[in-house]
Amino acid sequence: MTGGTVLIADPNGERASALGRALTRLGIASRWVDSFEKTREALGDYAELDTLFLAAEGFDGDSFEFCWMLSRMNLPSQPPVIMIAPAGSPPALARQAMASGAKGLLSWPSDDVTLAAWIEAVRPLDTMPPPMAEEEPAESHGGVSAEALQVFARLSHEVNNPLQGIFGSVDIITMNVSPDFPHHDRLRDVLTHAKEVAHLVRDASRMAKDALK
């Protein structure tokens with residue numbers, strides 16, 4: 001996974017630095033801000049961001065309320081929000097994050113597989129081509145009808161929603177088990193396979209959109 005830009009909004013510089021290094025390993029650029037005001041300014045500066053990582057605590061204000069407000073502000077960039085919380089945080093925190101408009105909650109520290117899977121799941125899609133009018137004749141693109149390509153072009157969006165549910169569920173399970181839980185590797189495998197599905201579906205969608213141009 002490479003490309004894209006992520007904004008890290010976290011007053012904890014040590015955690016933000018560690019997250020930035022992990023993103024660099026994944027080939028993703030990042031920018032760090034340490035206040036709500038700087039977060040709003042950064043969202044106004046960027047025309048497009050893949051993800052906003054927002055700390056669930058540590059600011060001079062309520063992160064959940066700020067997340068809710070962001071979803072209602074007319075900013076040049078409205079990236080999906082993943083909130084960050086210390087490992088071992090109660091499951092209720094994840095539910096609070098989702099209620100505030102975030103796509104999920106990432107327990108930190110985390111491994112690169114989990115981080116990449118979350119970004120892949122919430123990464124905004126390119127604008128989809130408009131649906132064809134029913135009376136429009138079906139055009140063929142390399143032997144594949146435009147109608148079929150339209151279905152594939154929207155496939156990534158349809159699959160990403162259940163994938164986000166998988167990532168969120170695994171995170172909540174991880175919060176509820178002890179560090180010596182014998183099946184941590186299996187949970188990591190679930191995230192790895194979900195990430196593979198996200199890649200495959202995204203590639204198919206993009207190929208379909210390219211064929212429709």
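Coordinates for the structure precede this section.
Throughout what follows, the structure given in this document is the object of discussion. (Residues numbered from 1 in each chain as written. Predicted model: local features only at pLDDT ≥ 70, side-chain atom pairs only at ≥ 80, totals over all residues. Heavy atoms only, no water.)

## So, the overall build of the protein
Then, number 1: Regarding its fold elements, the protein presents 8 helices and 7 strands.
Then, number 2: When the 213 residues of the protein are sorted by exposure, 42% land in the buried category.
Then, number 3: Within the protein, contacts between residues separated by at least 24 positions form 71% of all contacts whose residues are at least 6 apart in sequence.
Then, number 4: Summed over its atoms, the accessible surface of the protein is roughly 11100 Å², and 55% of this surface lies on carbon and sulfur atoms. (Helix = DSSP H or I, 4+ residues; strand = E, 2+ residues; numbered from the N terminus. Buried < 20%, exposed > 50% of the residue type's maximum accessible area, 1.4 Å probe, protein only. Contact = heavy atoms within 4.5 Å. Areas by Shrake-Rupley, 256 points an atom, 1.4 Å probe, with all protein chains shown as cover.)

## Remarks on the layout of surface pockets
Then, number 1: Size it by volume and the second largest pocket reaches roughly 370 Å³.
Then, number 2: Around the second largest pocket, the lining comprises 19 residues; the ones closest to its centre are S107, P109, D111, T174 and H184.
Then, number 3: Where the lining of the second largest pocket is concerned, the elements lending two or more residues are β5 (104–108), α7 (155–176) and α8 (184–212).
Then, number 4: Here the lining of the second largest pocket is composed, by residue class, of 9 nonpolar, 7 polar and 3 charged. (1 Å grid on protein atoms, 1.4 Å probe; cavity = no way out; pocket = protein on both sides within 12 Å on 5 of 7 lines; lining within 4 Å. Points joined across faces, edges and corners; volume = space filled by probe spheres on them. Nonpolar A, V, L, I, M, F, W, Y, C, P; charged D, E, K, R; others polar.)

## Re the pattern of salt bridges
Then, number 1: All told, the structure shown has 4 salt bridges when counted by the stated rule.
Then, number 2: Put simply, R15 and D10 hold a salt bridge, and the shortest N to O gap is 2.6 Å. The pair formed by R15 and D10 is uniform in burial state, with each residue classed as buried.
Then, number 3: In this structure, K38 and D34 form a salt bridge, with 3.0 Å as the shortest nitrogen-oxygen distance.
Then, number 4: Within the structure, one salt-bridge network assembled from shared partners comprises D10, R15 and E57. (Salt bridge = Lys/Arg side-chain N within 4 Å of Asp/Glu carboxyl O.)

## Considering the packing of helix α1 (residues 13–25) against helix α5 (residues 112–122)
Then, number 1: Contact geometry for α1 and α5: axes closest at 10 Å, N-to-C directions at 80°. By the criterion of interaxial angle, the relationship of α1 to α5 is roughly perpendicular. Where α1 abuts α5, its residues L19, A22, L23 and R25 lie against D112, L115 and I119.
Then, number 2: Considering only residue class, the contact of α1 with α5 consists of 5 nonpolar, no polar and 2 charged. (Axes fitted to C-alpha atoms, helices over the stretch in contact; angles between N-to-C directions. Parallel < 35°, antiparallel > 145°, perpendicular 65-115°, else oblique.)

## Let's talk about the nonpolar core
Then, number 1: Within the largest apolar cluster, 27 residues are counted, with the highest numbers of intra-cluster contacts made by L19, L23, F53, L115 and F167.
Then, number 2: Elements supplying a minimum of two residues to this core: β1 (5–9), α1, β4 (81–86), β5, α5, α7 and α8.
Then, number 3: A total of 7 residues in this core trace back to one element, the largest contributor, which is α5.
Then, number 4: Non-local contacts of F53, meaning those with residues more than four positions away in its chain, are made with V6, L7, I8, A9, L19, I82, I84, L106, L115 and I119.
Then, number 5: One finds A56, L75, M83 and A102 within the second-largest nonpolar core, a separate group that totals 25 residues. (Core = buried A, V, L, I, M, F, W, Y, C linked by side-chain atoms within 4.5 Å.)

## Let's talk about the packing of aromatic side chains
Then, number 1: For the structure on display, the rule yields 2 aromatic pairs.
Then, number 2: Measuring from ring centre to ring centre gives 4.2 Å for F36 and F66, while their planes differ by 10°; the resulting arrangement is stacked. Residue F36 is located in helix α2 (residues 36–45), and its partner F66 is located in helix α3 (residues 63–70); the two are separated by 30 residues in the primary sequence. Taken individually, F36 and F66 each receive the classification buried, so the pair is uniform in this respect.
Then, number 3: An aromatic cluster of three or more residues is present, and its members are F36, F59 and F66. (Phe/Tyr/Trp six-rings, centres within 6.5 Å; stacked < 30°, edge-to-face > 60°.)

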